[in-house]
Amino acid sequence: MPALFGALGVRGEWRGYELQDGRRIDNSGGDVTYLAPGMQVFFSPRVSFDATVWIPFIHALNGSQLGETVKVLAGFQYGL
């Protein structure tokens, strides 16, 4: 029988200034803070699946950048 675990975390990204032709783009960079609920399912001691949804709640981006509304990360793991 699979074992299911839930998780709740806070994640963050620091985005440095981008360069174009070797020059800094002033309206780039900034910070984003996410609320990250997720889950992990163990099908056996060696095989699992996990998924996390990153929901931004603080967008501190420089200039007029567009921020994302959600990020979804998922994957399978196999332990040796």
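Further up the page is the structure itself.
Right, let's walk through the structure included here.

About the thresholds
- Residues numbered from 1 in each chain as written.
- Predicted model: local features only at pLDDT ≥ 70, side-chain atom pairs only at ≥ 80, totals over all residues.
- Heavy atoms only, no water.
- Pairing = 2+ DSSP bridges.
- Helix = DSSP H or I, 4+ residues; strand = E, 2+ residues; numbered from the N terminus.
- Axes fitted to C-alpha atoms, helices over the stretch in contact; angles between N-to-C directions.
- Phe/Tyr/Trp six-rings, centres within 6.5 Å; stacked < 30°, edge-to-face > 60°.
- Buried < 20%, exposed > 50% of the residue type's maximum accessible area, 1.4 Å probe, protein only.
- Lys NZ or Arg CZ within 6 Å of the ring centre and 35° of its normal.
- Patch = residues over 30% accessible without salt bridge, like charges linked within 9 Å, V, L, I, M, F, W, Y side chains within 5 Å.
- Areas by Shrake-Rupley, 256 points an atom, 1.4 Å probe, with all protein chains shown as cover.
- Salt bridge = Lys/Arg side-chain N within 4 Å of Asp/Glu carboxyl O.

**Some details on the sheet that holds strand β4 (residues 30–42)**
Point 1. Across the sheet, which stays open at both edges, the four strands sit in the order β1-β4-β5-β6 with antiparallel pairing between neighbours. Only two strands of the sheet have a single partner each, and these edge strands are β1 (3–15) and β6 (71–78). Taken over all neighbouring pairs, the strand axes of this sheet differ in orientation by 20 degrees on average, direction set aside.
Point 2. Pairing analysis gives 11 bridges linking β4 to strand β5 (residues 47–61), with the strands arranged antiparallel. Considered in β5, the bridge of F42 is made with S48.

**Comments concerning unusual backbone geometry**
Point 1. Its identity is not glycine, yet D21 carries a phi of approximately 55 degrees, on the positive side.
Point 2. Turning to its location among the elements, D21 is positioned in the loop between β2 (19–20) and β3 (23–24).

**Digging into the packing of aromatic side chains**
Point 1. Following the criterion strictly, the structure yields three aromatic pairs and no others.
Point 2. Their ring planes at 90 degrees and their centres at 5.9 Å tell us that F5 and F42 sit as a pair that is edge-to-face. Placement of the pair is F5 in strand β1 and F42 in strand β4, with a sequence separation of 37 residues.
Point 3. The class for F5 is partly exposed, based on a relative accessible area of 46%.
Point 4. Overall, F42 belongs to the partly exposed group, its relative accessible area being 29%.
Point 5. The aromatic ring of Y17 is capped on one face by R24, whose charged end is 3.9 Å from the ring centroid.

**Section: a nonpolar patch on the surface**
Point 1. On the surface, L8, V10, L35, I55, F57, I58, V70 and V72 cluster together to form a nonpolar patch covering roughly 760 Å² of accessible area.
Point 2. The set of elements that each furnish at least two residues to the nonpolar patch consists of β1 and β5.
Point 3. For the nonpolar patch, the leading source of residues is β5, giving three residues.
Point 4. Secondary-structure assignment places L8 in strand β1.

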